[in-house]
Amino acid sequence: MTTRTIDFHNAECSACHRKHVDIRTEIVAPSPERPNAIRKKIIFRCEDHLDCDVDEIEKLALVKMRFQDLDENDLVDGDDFLNQIDPD
């Protein structure tokens, strides 16, 4: 298990890059690797995500991680995107 230091004063929301206003320890669903284990997770929430449940926060956190390292060359406009998925 990895251990890392958490800066509780300056942490950003688990779902976005805004500053958190709420910290909670939540119990999350067991993982496929350890189906009988109870997992706890520290969730940071901003004002916009105060009402989100743990499942929604985890989905948004995955999106946040996936797209945090995009640079300008990775972005396309809508017409280019549509042409990529349906060239006809």
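Rules used throughout
- Residues numbered from 1 in each chain as written.
- Predicted model: local features only at pLDDT ≥ 70, side-chain atom pairs only at ≥ 80, totals over all residues.
- Heavy atoms only, no water.
- Helix = DSSP H or I, 4+ residues; strand = E, 2+ residues; numbered from the N terminus.
- Expected span 1.5 Å × (residues − 1).
- Contact = heavy atoms within 4.5 Å.
- Buried < 20%, exposed > 50% of the residue type's maximum accessible area, 1.4 Å probe, protein only.
- Polar contact = N/O pair within 3.5 Å; in protein donor to acceptor, adjacent residues only side chain to side chain.

### Comments concerning helix 1 (residues 54–67)
Taking 1.5 Å per residue, 14 residues should reach 20 Å; helix 1 reaches 20 Å between its end C-alpha atoms and fits that length. The inward-facing, buried residues of helix 1 contact strand 1 (22–28) and strand 2 (39–45).

### Concerning the side chain of Arg 45
Within the secondary structure, Arg 45 sits in strand 2. Since its relative accessible area comes to 2%, Arg 45 is described here as buried. There is a polar contact of 3.2 Å between the side chain of Arg 45 and the backbone oxygen of Cys 52. Not counting chain neighbours up to four residues away, the residues in contact with Arg 45 comprise Cys 13, His 20, Val 21, Asp 22, Arg 24, Glu 26, Leu 50, Cys 52, Asp 53, Val 54 and Ile 57.

### Here we look at the side chain of Lys 64
Residue position: Lys 64 is located in helix 1. For Lys 64, a relative accessible area of 15% puts it in the buried group. Lys 64 has contacts with Glu 12, Cys 13, Ser 14, Ala 15, Cys 16 and His 17, leaving out every residue within four places of it along the chain.

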